[in-house]
Amino acid sequence: MNSRKAFLPPRRILMGPGPSDVATRVLEAMARPTIGHLDPDFIFLMDHIKAQLQYAFRTANPLTMPVSGPGTAGMESCIANLVEPGDVIVVCQNGVFGGRLKAMAVRCGATVVHVEDEWGRAVSPSGLESALRSNPAASVVAFVQAETSTGALSDAAALAKVAERYECLTIVDAVTSLGGSPLEVDAWGLDAVYSGTQKCLSCAPGLSPITMSDRAMARVAHRRTPVQSWFMDVNLVTGYWGSGTQRSYHHTAPINALYGLNEALLMLQEEGLLAAWARHKQNHLALKAGLEVLGLEFVAPRSERLPQLNAVRVPDEINEARVRQRLLEEYSLEIGAGLGALAGKVWRIGLMGYSSRRENIMACLSALGQVLTYEGLCVSATEAQAEADRALRQPTLP
Ligand SMILES: *Cc1c(COP(=O)(O)O)cnc(C)c1O
């Protein structure tokens, strides 16, 4: 490629595990003039973003802000602040991302009690309970609410209840759930929750909204050792993201990325959070109806499925990578491959945020149906679309 040429990305339909399609108005917001990160107008924007994130997380936590970094940075931030050497931490793992939580906790010096569930299943509250019963020294429980690697949705409310019974704080990965399926930070008593902007918020990648309860903040305040990451230390960053007009330099905020986040959160508020949850659910049911006509089976059992990430098994005789390549090259449609233990075995079809809409469902069923036909399967894209259409005409579920 000529290095002096401007980069003109192709137009894609993003139906993988993230990033999802970014609405034009979000992209336009990001193109507005850059101002200083301590400009009073920018401080006003920061406060506005904070209030909108509180709305999306359903929390009144004063520490609610976007970490400057992708979802992984929010994950690392929660672990680095709440975990210190000698702590006993329970990490539930039912996919790739639980494994990262564990690795980060180990790096922070914790003794990790690892609770494993089958990939593709929700985290089991009774499994967590027995781990807590046999490890009375545990003080934190970490789990992933929406496992994007397998398409499984765990019952965060039930897991938090178990953790509370054993006087443990919770660290919850809500990267793929925020804005896409029910998440009630205050009502469920979650303590440190992190997310990402490029999944159901449909914003450009690179920011990680987090929120921490007063209990979590008290734990940070009473640490025996300083937070091992200077950048992630919430005690320091609140000097910048805190309240009032006196803000001091901590790092240069990604100004234009925050313009985009503000716009994406505005779109969420205009639609209404509950309406957004319902839309994700209904579109999932429509896509599912169509995928089943194409003969594809879901990894997760019906009651544990994540509406915004549809993980389906690749039929035996099909070359999974070639199907994805054809979708990309011939239809400009991106779907995801399997990760970790599911690599080569599944496709992950995302219906996140702005990507979760009728035209995408129809485009995906048509393209996938055609490609599977070329690859030798006897399936009907038209019938798949008709089933999806039927599902979309059902009244919206509450
Ligand atoms: C995408 C994702 C992450 C990581 O987010 P990045 O923005 O890629 O760093 C973490 N957890 C889950 C469940 C995710 O889906």
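Reading the values: the criteria
Chains are numbered independently. Their residues run from 1 in the order of the written sequence. pLDDT decides what is reported in this predicted model: residues at 70 or higher carry local features, side-chain atom pairs at 80 or more are listed and counted, and totals for whole chains, interfaces and linings draw on all residues regardless. As a rule here, side-chain values come from all non-hydrogen atoms in the structure, and water together with hydrogens is ignored. For two strands to be treated as a pair, DSSP must find at least two bridges joining them. To qualify as a helix, a DSSP run of H or I must reach at least 4 residues; to qualify as a strand, a run of E must reach at least 2; elements of each kind are numbered from the N terminus. To obtain an axis, a line is fitted to C-alpha atoms, over the contacting stretch when the element is a helix, and the angle between two such axes runs from 0 to 180 degrees between their N-to-C directions. Contacts: residue pairs with any heavy atoms within 4.5 Å of one another. Accessibility here uses a 1.4 Å probe with only protein chains present; expressed as a share of the type maximum, an area under 20% marks a residue as buried, one over 50% as exposed, and anything in between as partly exposed. Regarding the arc, it is the one traced by the directions from the helix axis to the C-beta atoms. Polar contacts here mean pairs of N or O atoms no more than 3.5 Å apart (in protein, one a potential hydrogen donor and the other a potential acceptor; neighbouring residues in sequence count only if both atoms are side-chain atoms). In this text, buried Ala, Val, Leu, Ile, Met, Phe, Trp, Tyr and Cys residues form a nonpolar core when linked through side-chain atoms within 4.5 Å. Segment limits for the domains were obtained from an automatic or database-derived domain assignment. We define proximity as follows: a residue is near a molecule or strand when any one of its heavy atoms falls within 4 Å of that partner. Only the protein chains shown count as covering a residue, and every accessible area follows the Shrake-Rupley method with a 1.4 Å probe. Each residue gets one label: Ala, Val, Leu, Ile, Met, Phe, Trp, Tyr, Cys and Pro are nonpolar, Asp, Glu, Lys and Arg are charged, and the others, such as Gly, are polar. By this rule the span expected of a helix is its residue count minus one, scaled by 1.5 Å. The buried area of a pairing is the accessible area, by a 1.4 Å probe, that goes missing from both parts when the two are put together, added over both. Salt-bridge detection follows one rule: a side-chain nitrogen of Lys or Arg within 4 Å of a carboxyl oxygen of Asp or Glu. Candidate patch residues must exceed 30% relative accessible area and have no salt bridge, after which like charges are joined if within 9 Å and Val, Leu, Ile, Met, Phe, Trp or Tyr side chains if within 5 Å.

A. Examining the sheet that holds strand β4 (residues 111-116) more closely. Spatial ordering of the open sheet is given by β2-β10-β9-β8-β5-β3-β4, a layout of seven strands whose pairing is mixed. Every other strand in the sheet has two partners, leaving β2 (63-68) and β4 as the edge strands with one partner each. Averaged over all adjacent pairs, the angle separating strand axes in this sheet is 20 degrees, with direction ignored. The sheet contact formed by strand β3 (residues 88-93) and β4 spans six bridges and is parallel. Note on β4: the bridge partner recorded for Cys-92 is Val-115. Each of β2 and β10 (207-212) touches helix α8 (residues 234-241); the most contacted strand, β2, lies at about 95 degrees to it.

B. Quick look at α8. Within the sequence span of α8, burial applies to Val-234, Val-237, Tyr-240 and Trp-241. For α8, the arc enclosing every buried residue in end-on projection is 110 degrees, short of the 170-degree limit, so these residues lie on one face. Considering only its buried residues, α8 is in contact with α2 (40-57), β2, α3 (71-82), β10, α7 (214-221) and α9 (255-271). Capping the start of α8 is the job of one residue whose side-chain oxygen sits 2.9 Å from the backbone nitrogen of Asn-235: Asp-233.

C. Structural view of the nonpolar core. Of all hydrophobic cores here, the largest spans 86 residues; its most connected members are Phe-42, Val-90, Leu-101, Val-141 and Ile-171. It is α2 that provides the largest number of residues to this core, a total of eight residues. Split by domain, the residues of this core number at least three in each of domain 1 (24-269) and domain 2 (272-392). In contact with Phe-42, other than residues within four places in its own chain, are Ile-35, Gly-36, His-37, Tyr-240, Ala-253, Ile-255, Leu-258 and Tyr-259.

D. Spotlight on the site of the ligand. Surrounding the ligand, one finds 13 residues, the nearest of these being Thr-72, Thr-148, Asp-173, Gln-198 and Lys-199. One of the side-chain N or O atoms of Lys-199 is found 2.7 Å from an oxygen atom in the ligand. Isolated, the ligand exposes 380 Å² of accessible area, and the fraction of that covered by the protein chains is 89%. Among the elements that make up the shell around the ligand, the one with the highest residue count is α3 (three residues). Of the residues that constitute the shell around the ligand, the class distribution is six nonpolar, five polar and two charged.

E. Inspection of helix α11 (residues 320-331) at higher detail. Spanning twelve residues, α11 covers 16 Å between terminal C-alpha atoms, matching the ideal 16 Å at 1.5 Å per step. All of the buried residues in α11 are Glu-320, Val-323 and Leu-327. For α11, the buried positions fall inside an angular range of 60 degrees around the axis, keeping them on one side. The inward-facing, buried residues of α11 abut β12 (333-337), β13 (346-350) and α12 (358-374). One side-chain oxygen of the residue at the start of α11 lies 3.2 Å from the amide nitrogen of Ala-321, identifying that residue as Asn-319. Note on α11: the residue one or two positions beyond its end, Ser-332, has a positive phi of about 55 degrees.

F. Quick peek at the environment of Ile-255. Note on placement: Ile-255 falls in helix α9. Expressed as a C-alpha distance, the spacing of Ile-255 and Gly-36, which sit 219 residues apart in the sequence, is 7.9 Å. Look past the residues within four positions of Ile-255 in its chain and what remains in contact with it is Thr-34, Ile-35, Gly-36, His-37 and Phe-42.

G. Spotlight on the domain arrangement of the chain. The domains assigned to the chain are domain 1 (24-269) and domain 2 (272-392). A straight line from the C-alpha centre of domain 1 to that of domain 2 covers 28 Å. Taken together, the contact between domain 1 and domain 2 spans 29 residues of the former and 25 residues of the latter. Across the domain 1/domain 2 interface, buried area totals approximately 2200 Å², and carbon plus sulfur atoms make up 64% of it. Across the domain 1-domain 2 interface, the total number found is one salt bridge.

H. Quick look at the pairing of strand β5 (residues 138-144). Counting buried residues in β5 gives seven out of seven residues, a clear majority hidden from the surface. Alignment of β3 against β5, held across four bridges, turns out to be parallel. From the neighbouring strand, Val-90 faces β5, where its bridge partner is Val-141. Bridge analysis of β5 against strand β8 (residues 169-173) gives five bridges, and the strand direction is parallel. If you follow Val-144 over to β8, its bridge partner there is Asp-173.

I. Quick peek at a nonpolar patch on the surface. A contiguous nonpolar surface patch, about 300 Å² in accessible area, is contributed by Trp-230, Phe-231 and Leu-236. Mapped onto the elements, Leu-236 comes out in helix α8. Look at Leu-236 and you get partly exposed, because its relative accessible area is 35%.

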